[in-house]
Amino acid sequence: MSAYGNLNLSIIGDYSMDGRRRFHHDRRNLSHINLNWVAGGDKTVQYNLNQSQHLACKREVDAYANEFLTNILEWILLNKSCLNPAPDFISARKTLRRVLHAACTTEEEILYATKFRGTIYLCALIVEDRPSENEQQRRMSSWGYKFEQYMADGSDPRTGVNENESYSCIMRAQLRNHSLIYKCEVDGVETKLHVTNRLPHQHELLELKTHNMKFMSYGLNKYKLRDTWIQCALAGIPRVVVGYRDDNGMVHRLRCLQVKDLPRLAHGFFNPDNLMRFLETFLRWAKSTVIVDDPSVVYELKVTKSSFRSRIVSPGSPVTVLPPHYVQRIRRN
């Protein structure tokens, strides 16, 4: 178990998604990453992130983002004991990240919640009028997947990356009086620490990032420092490996950063304690708001840094949080 402030975490399960976004209750996509260079400081490399991009299978952004809770619900149906005792919330890290994103910006985040057997199922979806990724954003996203391939033991960068493949851990978390279970996509584990055929331990987990070389003296720019801290803190990931690249997609330097050092590197741009307090305040409000225990009732929750608002979604709305087959199987249990 690890703790980030008042957030206590433990890994209780995992699963993989294949290249067609099909669920597998195993670790086939868990990457092992060799960090035998870290003791000597930065490592000089020549990773061409454009290599074999024409062979890559690009991630289906809409389908991926709007999976709601599908994958963690599938895991729960195979591990129903995690519901005893029932957690206060079941969600995904990306949903909790959106809550914390609202705390840092002027943007409004919209979430959806349903209460069933005492647990609030909380998710987010991509709205149709969101800004589309431009060509440069798509290229940089693909560079990130290619960097992960370069870093994974046994991979061949001459082959294309299937960006739909992923590996996720299931976290059990406690934030003050709130218990949560949520899924976190994980980039990999350190090779020398992880023993094959068992769940990873949190101190083994690694996050991988690419960043422009002009920020190398800072570690990351202040916005990426904040967002990376949020991402890693919610999963208990202790280290980030950054590949510093030029504008043409060539990585020249690797550096390992400690997540605990990111707030200091940001020189006060964000306060981890304030972020966790905001998340705790939101969870407390959600508990007092989502009170109808009925899987057919969906609440819309609007979150900004200065207010929380809610409404019950019309019964005719296409938005649902829990699929009927999940509700039926849990009720049969």
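Quick note: structure is the one above.
All of the points below concern the structure found in this document. Computed from a predicted structure; not experimentally measured.

### Notes on the pairing of strand 9 (residues 166–175)
Logical step 1: Extensive coverage of strand 9 is indicated by the burial of eight of its 10 residues.
Logical step 2: In this structure, strand 2 (residues 7–17) lies alongside strand 9, joined through 10 bridges in antiparallel fashion. Among the inter-strand pairings, Leu 7 is bridged to a residue of strand 9, identified as Leu 175.
Logical step 3: For strand 9 and strand 10 (residues 178–185), the ladder comprises eight bridges, and the chain directions are antiparallel. The residue of strand 10 that forms the bridge with Ser 168 is Glu 185.
Logical step 4: Hairpin connection, strand 9 to strand 10: the antiparallel pair is bridged by two residues, and Arg 176 has positive phi, about 55°.

### A look at the nonpolar core
Logical step 1: Counting residues in each nonpolar core, the largest one holds 56 residues, and the members touching the most others are Tyr 182, Trp 229, Leu 234, Leu 279, Phe 282 and Leu 301.
Logical step 2: The element that contributes the greatest number of residues to this core is helix 7 (residues 272–289), accounting for eight residues.
Logical step 3: Residues within four places of Leu 301 in sequence aside, it is in contact with Glu 109, Ile 110, Leu 111, Ala 113, Leu 122, Phe 282, Trp 285, Val 290, Arg 309 and Ser 310.
Logical step 4: Core analysis: the next-biggest nonpolar cluster, separate from the first, contains 26 residues, Trp 75, Val 298, Val 321 and Val 327 among them.

### Considerations on the pattern of salt bridges
Logical step 1: Applying the stated criterion across every chain, the model contains 21 salt bridges.
Logical step 2: Taking the shortest distance from any N to any O, the salt bridge between Glu 108 and Arg 309 comes out at 2.5 Å. Here Glu 108, found in the loop between helix 3 (93–104) and strand 7 (109–116), pairs with Arg 309, found in strand 16 (residues 308–312); they are 201 residues apart in sequence, far enough to count as distant.
Logical step 3: In this structure, Arg 226 engages Asp 227 in a salt bridge whose closest nitrogen and oxygen atoms are separated by 3.1 Å.
Logical step 4: Three or more residues joined by partner-sharing salt bridges are found here, namely Asp 42, Arg 253 and Arg 255.

### Quick look at the sheet that holds strand 11 (residues 188–190)
Logical step 1: Taken in spatial order, the six strands make up an open sheet running 4-11-12-13-14-5, and their pairing is mixed. Looking at strand neighbours, the two that pair on one side only are strand 4 (32–33) and strand 5 (43–48), the edges of this open sheet.
Logical step 2: The pairing of strand 12 (residues 205–212) with strand 13 (residues 239–245) spans seven bridges and is parallel. Each bridged residue has a counterpart across the sheet, and for His 211 the counterpart in strand 13 is Tyr 244.
Logical step 3: Most of the contacts of helix 4 (residues 135–151) go to strand 12, to which it runs at about 130°, and overall it touches strand 4, strand 5, strand 12, strand 13 and strand 14 (250–258).
Logical step 4: Its contacts with the sheet place helix 5 (residues 222–233) against strand 12 and strand 13, and it is angled at close to 165° to strand 12.

### Here we look at the packing of helix 2 (residues 70–78) against helix 8 (residues 324–332)
Logical step 1: Running from N to C, helix 2 and helix 8 cross one another at 20°; their axes reach a closest spacing of 11 Å. Taken as axis vectors, helix 2 and helix 8 run roughly parallel relative to one another. Note on packing geometry: the crossing formed by helix 2 with helix 8 is left-handed. For the pair formed by helix 2 and helix 8, the contact residues are Leu 73, Ile 76 and Leu 77 on the first element and His 325, Tyr 326, Arg 329 and Ile 330 on the second.

### Let's talk about the packing of helix 3 against helix 7
Logical step 1: Closest axis-to-axis distance for the helix 3/helix 7 pair is 10 Å, and the angle between their directions is 115°. Here the hand of the crossing between helix 3 and helix 7 comes out right-handed. Mapping the contact onto sequence places Leu 96, Val 99, Leu 100, Ala 103 and Cys 104 in helix 3 and Leu 275, Phe 278, Leu 279 and Phe 282 in helix 7.
Logical step 2: Taken together, the residues of the contact of helix 3 with helix 7 break down into nine nonpolar, no polar and no charged.

Conventions and cut-offs
Residues numbered from 1 in each chain as written. Predicted model: local features only at pLDDT ≥ 70, side-chain atom pairs only at ≥ 80, totals over all residues. Heavy atoms only, no water. Buried < 20%, exposed > 50% of the residue type's maximum accessible area, 1.4 Å probe, protein only. Helix = DSSP H or I, 4+ residues; strand = E, 2+ residues; numbered from the N terminus. Pairing = 2+ DSSP bridges. Core = buried A, V, L, I, M, F, W, Y, C linked by side-chain atoms within 4.5 Å. Contact = heavy atoms within 4.5 Å. Salt bridge = Lys/Arg side-chain N within 4 Å of Asp/Glu carboxyl O. Axes fitted to C-alpha atoms, helices over the stretch in contact; angles between N-to-C directions. Parallel < 35°, antiparallel > 145°, perpendicular 65-115°, else oblique. Left-handed = near helix turned anticlockwise from the far one by under 90°. Nonpolar A, V, L, I, M, F, W, Y, C, P; charged D, E, K, R; others polar.

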